[in-house]
Amino acid sequence: MTDVPFPVLSENDPDGEGVLATWFATDGAAVREGELIAEVAVDKVDAEVPAPASGVVRFLVGEGEVVKQGAPIARIE
């Protein structure tokens with residue numbers, strides 16, 4: 001099992017929060033390592049999140065939810 005962390009996008013505030021803007025994958029879908037699975041936003045910075053491993057993705061956070069940078073947003077089984 002591999003956690004998918006919310007990326008740390010703000011070096012000035014690494015303990016800050018951001019928003020999970022969009023899931024590109026669906027919960028329970030098979031994904032491949034490197035495949036883009038989500039888009040996140042911190043302040044005025046948006047970033048795409050690739051799958052760190054291949055497997056089945058399970059969401060831990062819904063679209064629009066506020067998440068601490070570095071916290072897991074999904075797991076890949």
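Up top is the structure.
Residues numbered from 1 in each chain as written. Predicted model: local features only at pLDDT ≥ 70, side-chain atom pairs only at ≥ 80, totals over all residues. Heavy atoms only, no water.

Engineer: Would you take a moment to explain the overall build of the protein for this structure?
Structural biologist: In terms of regular secondary structure, the protein is built from zero helices and eight strands. Reading the helices (α) and strands (β) of the protein from amino to carboxyl end gives β-β-β-β-β-β-β-β. Projecting the C-alpha coordinates of the protein onto the three principal axes gives extents of approximately 35 × 20 × 15 Å. Looking at the 77 residues of the protein, the share that counts as buried comes to 35%. (Helix = DSSP H or I, 4+ residues; strand = E, 2+ residues; numbered from the N terminus. Buried < 20%, exposed > 50% of the residue type's maximum accessible area, 1.4 Å probe, protein only.)

Engineer: Mind showing me how you'd approach the sheet that holds strand S6 (residues 55–59) here?
Structural biologist: Where strands meet in a sheet, backbone hydrogen bonds hold them as pairs that are either parallel or antiparallel. Spatially, four strands are ordered S1-S8-S6-S3 in an open sheet, and the strand pairing comes out antiparallel. Pairing within the sheet leaves two strands with one partner each, and these edge strands are strand S1 (2–5) and strand S3 (30–31). Strand direction decides the pairing type here: S3 and S6, joined by two bridges, are antiparallel. The residue bridging Val-31 from the neighbouring strand is Gly-55, located in S6. (Pairing = 2+ DSSP bridges.)

Engineer: Where do I start with the nonpolar core in this structure?
Structural biologist: Side chains of nonpolar character tend, in soluble globular proteins, to be buried together. One finds Val-4, Trp-23, Val-31, Ile-37 and Ile-73 to be the most contacted residues of the largest nonpolar core, which totals 19 residues. At the level of elements, strand S2 (17–23), strand S4 (36–42), strand S5 (45–50) and strand S8 (72–76) are the ones that each hand at least two residues to this core. Residue contributions to this core peak at four residues, all from S4. The residues touching Val-4, leaving out its near neighbours within four places in the chain, are Ile-37, Val-49, Pro-52, Ala-71, Pro-72, Ile-73, Ala-74 and Ile-76. (Core = buried A, V, L, I, M, F, W, Y, C linked by side-chain atoms within 4.5 Å. Contact = heavy atoms within 4.5 Å.)

Engineer: What's the story with the sheet that holds S2 in this structure? I'm lost.
Structural biologist: Strand order in the open sheet formed by four strands is S5-S4-S2-S7, and the pairing between neighbours is antiparallel. Taken across any chain shown, the strands that pair with only one partner, and hence form the sheet edges, are S5 and strand S7 (66–68). With direction set aside, neighbouring strand axes in the sheet form an average angle of 40°. In the sheet, S2 pairs with S7 via three bridges, with the strands oriented antiparallel. The residue of S7 that forms the bridge with Val-19 is Val-66. (Axes fitted to C-alpha atoms, helices over the stretch in contact; angles between N-to-C directions.)

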